[in-house]
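A closer look at the structure
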Amino acid sequence: CLTHVSPRLATLLGCEQAALFDRPLLHRVREASADAAVQLRMAFDAGRPFHDLRLAVPDGQTTRWWTLSGKPLFDEAGRSEGWRGVIADISTEVQAEQRLHRMAHVDALTGLANDIVISYVANQNRCLCLGRGFKFSSYRRGFAPRRFAG
């Protein structure tokens with residue numbers, strides 16, 4: 001269970017501060033997203049410090065992005081006493097990354113994949129076809145496969 005809850009954490013989790021003291025963080029995360037809870041459980045089960053664990057948490061019609069860092073706490077006898085950690089809402093940063101990715105890979109006028117994506121896909125297909133007996137001639141925009149004559 002949580003032993004210290006800041007007002008910002010309560011806002012992030014969408015609860016009153018007092019309500020967060022009665023249940024473990026994992027239960028609160030599971031209520032928001034089962035996938036995020038699985039990732040967090042795996043980090044806890046590893047028993048080692050973790051940093052910048054990104055979790056996608058659905059929030060109505062949008063997705064909130066959190067990053068978590070934590071380290072296990074032990075008493076003098078080496079017994080586990082829980083975890084100390086930090087949660088941050090990085091939704092704005094992730095949305096900016098997604099916007100940059102879209103700008104880099106989608107033509108603004110047509111909404112179609114741009115030359116970078118087309119070249120990448122063509123190169124991937126080229127690699128697949130070379131293993132199947134195809135030969136490629138390079139054109140200005142992409143590749144044209146031809147079957148080997150032998």
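Since we're looking at a predicted model, the values are computed, not measured.

Basis of the calculations
Residues numbered from 1 in each chain as written. Predicted model: local features only at pLDDT ≥ 70, side-chain atom pairs only at ≥ 80, totals over all residues. Heavy atoms only, no water. pLDDT = per-residue confidence, 0-100. Helix = DSSP H or I, 4+ residues; strand = E, 2+ residues; numbered from the N terminus. Pairing = 2+ DSSP bridges. Axes fitted to C-alpha atoms, helices over the stretch in contact; angles between N-to-C directions. Parallel < 35°, antiparallel > 145°, perpendicular 65-115°, else oblique. Contact = heavy atoms within 4.5 Å. Buried < 20%, exposed > 50% of the residue type's maximum accessible area, 1.4 Å probe, protein only. Arc of directions from axis to C-beta. Salt bridge = Lys/Arg side-chain N within 4 Å of Asp/Glu carboxyl O. Core = buried A, V, L, I, M, F, W, Y, C linked by side-chain atoms within 4.5 Å.

**A short note on the confidence of the model for the protein chain**
Predicted confidence across the protein chain gives a mean pLDDT of 77, with 72% of residues reaching 70 or more. When pLDDT is averaged over each element of the protein chain, strand β2 (residues 62–74) comes out on top at 89 and strand β5 (residues 142–147) at the bottom at 50.

**Observations regarding the sheet that holds strand β1 (residues 50–59)**
Taken in spatial order, the three strands make up an open sheet running β1-β2-β3, and their pairing is antiparallel. Since the sheet does not close on itself, it has two edges, and those belong to β1 and β3 (80–89), each with one partner. Across this sheet, the average inter-strand angle for adjacent strands is 30 degrees, counted without regard to direction. As judged from the eight bridges shared by β1 and β2, these two strands associate in the antiparallel manner.

**Looking at the packing of helix α2 (residues 25–32) against helix α3 (residues 34–46)**
The geometry of α2 relative to α3 is characterised by a closest axis approach of 6 Å and an angle of 150 degrees between their N-to-C directions. Classified by the angle their axes make, α2 and α3 are roughly antiparallel. Taking contact as the criterion, the partners of Leu25, Leu26, Val29, Arg30 and Ala32 in α2 are, on α3, Ala34, Ala36, Ala37, Leu40 and Arg41.

**Details of α2**
Among the residues of α2, Leu25, Leu26, Arg28 and Val29 are the ones counted as buried. Angularly, the buried residues of α2 cover 160 degrees about the axis, an arc narrow enough to put them on a single face. Where α2 is buried, its residues contact α1 (7–13), α3, β2 and β3.

**Here we look at unusual backbone geometry**
Not every positive phi belongs to a glycine, and Asp52 is a case in point at roughly 55 degrees. Looking at where Asp52 falls in the secondary structure, it is placed in strand β1.

**A short note on the pattern of salt bridges**
Considering all chains together, one arrives at four salt bridges under this definition. With a shortest N-O distance of 3.1 Å, Arg54 and Glu97 are connected by a salt bridge. Residue Arg54 is located in strand β1, and its partner Glu97 is located in helix α4 (residues 91–105); the two are separated by 43 residues in the primary sequence. Judged by relative accessible area, Glu97 falls into the partly exposed class, the value being 41%. Across the salt bridge formed by Arg79 and Asp75, the nearest N and O atoms sit 3.1 Å from each other.

**Looking at the side chain of Thr67**
Residue position: Thr67 is located in strand β2. Excluding residues within four positions of it along the chain, Thr67 makes contact with Asp52, Leu53, Val86, Ile87, Ala88 and Ile90.

**Quick notes on the nonpolar core**
Core analysis: the largest hydrophobic core is formed by 22 residues, its most contacted members being Leu25, Leu40, Trp66 and Leu68. Put simply, the parts of the chain that give this core at least two residues each are α1, α2, α3, β1 and β2. For this core, the leading source of residues is α3, giving five residues. Leave out the neighbours within four places in its chain, and Leu40 touches Leu25, Leu26, Val29, Phe50, Leu53 and Leu68.

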